Every structure is written in structure tokens, then in C-alpha cells.
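For reference, the chains in residue letters:
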Amino acid sequence: MHNQYSECRNIYHPDPQNVLQNYFDSPPYVINFFTVFLASRRFMGACAAKPGGVVRSFDAQAKPTSACVPPGECVLTEEWSKAKLVGREKCKESASIFTFQLPDVTKPLGLSTCACILAKGNEDTVRPYTPVSTNAMLGKFELMVKVYPDGAMSQYMDKLLIGDSMYFKHLPFNVKVQYPFGKKAIGMICGGTGITPMIQALHALLGTVGDNTTVSMLYGSKVRHDILADETLGAWA
């Protein structure tokens with residue numbers, strides 16, 4: 001994909017000895033760098049929330065949606081509260097989108113830009129996640145989770161049945177730098193599920209009318225077919 005506003009490049013390195021050789025010793029890795037240059041509002045149209053507020057952030061057909069709220073409005077508090085699993089969809093062979101229902105189906109999650117929530121599996125298993133859904137989604141939120149063979153939390157979530165519940169909470173400490181970021185150009189470096197807070201930032205940057213920030217992203221994955229949200233990134237580039 002190439003036009004006057006954007007450039008998208010895939011750079012594949014089958015020989016790990018020639019790429020970051022000082023960083024990887026043994027075993028050898030195949031490093032795939034998926035580099036996307038995004039020119040913000042200069043090529044993306046305004047994206048209004050769909051009826052019902054459902055926006056699938058990982059869907060290549062979904063346009064970026066700015067649905068920012070200030071810190072302190074998340075419906076999840078510092079106390080653990082239950083959320084019911086109401087949907088699950090594979091987005092990669094080893095990754096899925098888990099959809100959880102909020103207690104109040106008329107309200108969004110209310111999470112500020114790039115912030116995370118904490119999920120609790122077994123009593124001693126707690127992990128942070130940044131949703132891939134935006135605050136345009138009412139009554140639900142979506143988590144993109146890579147399921148690892150030895151992952152305590154991902155295995156716990158993968159075994160959940162539709163209708164099962166798990167506990168979540170949100171701490172003010174987990175709030176990151178907020179949009180607007182106040183920069184003409186922004187660089188993002190991420191790998192694996194580290195793409196999720198970047199998706200939130202891209203929603204704000206690309207979904208805001210009049211924002212001309214130029215964004216470049218360097219995204220790393222061990223194998224090419226495991227690049228998460230690749231269709232979405234390609235569609236937005």
C-alpha cells in the first residue's frame with residue numbers, strides 16, 4: 001500500500017544472525033518487523049460510533065474511533081468485580097478476543113487512553129490488560145489475549161466457558177500519558193500483545209478530526225503469521 005499520505009513496509013529477516021545479533025544468543029529466532037507509517041487524519045475519514053456503540057478494534061473494516069474519556073471515569077474500581085464472558089473469537093491460531101459484559105449494559109468501560117485493567121484468574125494469578133475495544137462500545141469490553149502453553153492467566157481464560165465470570169479492577173496508578181499527546185510526530189515500538197495500548201493510542205490519533213500527527217510503528221514478532229492486528233494496521237496505514 002502506498003499513496004501520498006502513507007507507506008507500509010514488511011521487512012522479513014529469515015537469518016537471525018544478521019538481525020539484532022547482539023540481542024539474541026540461543027536458540028536462534030526468526031524476527032519479523034512489521035513497520036507501518038500512519039499519516040493520521042490526512043487519509044482516514046471521521047469515524048462515528050455504530051448504533052449500539054459496537055466497534056471491533058481488531059476488525060480490518062473498523063475505522064479508528066476517538067472515544068476518549070479523562071482518568072477517573074472507569075466503571076471498574078480498585079475493588080475486584082465480576083464480569084461475565086459473553087463472547088470469544090479467534091484472531092490468530094494462538095490468540096483470541098474475549099468479550100466481557102459490564103454490570104451496567106448502558107455504560108462504556110470508561111477507560112482512559114492506553115490505561116490498563118487488572119484481571120484475576122486463580123487466587124495468585126493477576127495480569128494487566130489493555131482492551132482493544134474503545135469507549136464507543138457500551139456494556140462490554142474486549143481483550144486480545146495470546147494463549148501460551150505455560151501461561152497461567154491465558155490458560156485460565158482459554159478454559160472459560162461462555163457465561164463464566166472472572167474478576168477485574170482498575171487502579172489509578174495504571175493510567176498512562178493521555179491524549180492529546182502534543183507531538184507532531186510519534187514513534188511506537190511494540191511486540192506481541194504490546195500492540196494493544198498502541199491500538200488505543202491510534203484510535204485517538206487517527207479518529208480525531210483535525211489531528212495531523214504523523215505516527216510510525218515498529219512491531220516485532222517471532223514469526224510472521226503471529227502478527228496481531230495485522231489486518232487492522234494494514235487497513236489504517
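Predicted, not measured: the structure shown is a model, and the values here were computed from it. (Residues numbered from 1 in each chain as written. Predicted model: local features only at pLDDT ≥ 70, side-chain atom pairs only at ≥ 80, totals over all residues. Heavy atoms only, no water.)

K.L.:
Summarise the overall build of the protein; cite the residues concerned and give the values.
P.N.:
For the protein, the count of helices and strands is three helices and 10 strands. Partitioning the contacts of the protein with sequence separation of at least 6, the portion at a separation of at least 24 is 76%. If you sum the accessible surface of the protein, you get close to 12000 Å²; carbon and sulfur atoms cover 54% of it. (Helix = DSSP H or I, 4+ residues; strand = E, 2+ residues; numbered from the N terminus. Contact = heavy atoms within 4.5 Å. Areas by Shrake-Rupley, 256 points an atom, 1.4 Å probe, with all protein chains shown as cover.)

K.L.:
Just give me the short version of unusual backbone geometry, but keep the residues and values in it.
P.N.:
Across the junction of Tyr179 and Pro180, the peptide omega takes the value 5°, indicating a cis bond. Tracing the backbone shows Pro180 in the loop between strand E8 (165-169) and strand E9 (185-191). The residue Cys114 is not glycine, and still its phi comes out positive at about 65°. Here Cys114 lies in the loop between strand E4 (95-101) and strand E5 (117-120).

K.L.:
Hey, could you go over the pairing of strand E10 (residues 214-221) for me, with residue numbers and the actual values?
P.N.:
In E10, alternate side chains face the same way, and those of Val215, Met217, Tyr219 and Ser221 are buried while those of Thr214, Ser216, Leu218 and Gly220 on the opposite face are not. The β-α-β motif built from E9, the intervening helix H2 (residues 195-206) and the parallel element E10 has right-handed crossover chirality. (Buried < 20%, exposed > 50% of the residue type's maximum accessible area, 1.4 Å probe, protein only. Right-handed = clockwise from strand over helix to strand, strands pointing away.)

K.L.:
So, the confidence of the model for the protein: which residues are in play, and what are the values?
P.N.:
Any region with low pLDDT has predicted coordinates that should not be read closely. Mean pLDDT over the protein works out to 79, with 74% of the residues at or above the 70 mark. Every residue in residues 1-57 scores below 50 in pLDDT, and together they form 140 contacts with partners more than four places removed in sequence or on other chains. (pLDDT = per-residue confidence, 0-100.)

K.L.:
Any details on the packing of aromatic side chains? Residues and values, ideally.
P.N.:
Inspection of the entire model under this criterion finds four aromatic pairs. Pairing Phe100 with Phe141 gives two aromatic rings, centres 5.7 Å apart and planes at 25°, and the pair type is stacked. In this pair, Phe100 sits in strand E4 while Phe141 sits in strand E7 (residues 140-146), placing the two residues 41 residues apart along the sequence. Assigned by exposure class, Phe100 and Phe141 land together as buried. Between Phe100 and Phe168 the ring centres are 4.9 Å apart and the planes differ by 70°, which places this aromatic pair in the edge-to-face class. Of this pair, Phe100 sits in strand E4 while Phe168 is found in strand E8, placing the two residues 68 residues apart along the sequence. Take Phe100: its relative accessible area is 0%, and that puts it in the buried class. Put simply, the rings of Phe100, Phe141 and Phe168 pair up and form one aromatic cluster. (Phe/Tyr/Trp six-rings, centres within 6.5 Å; stacked < 30°, edge-to-face > 60°.)

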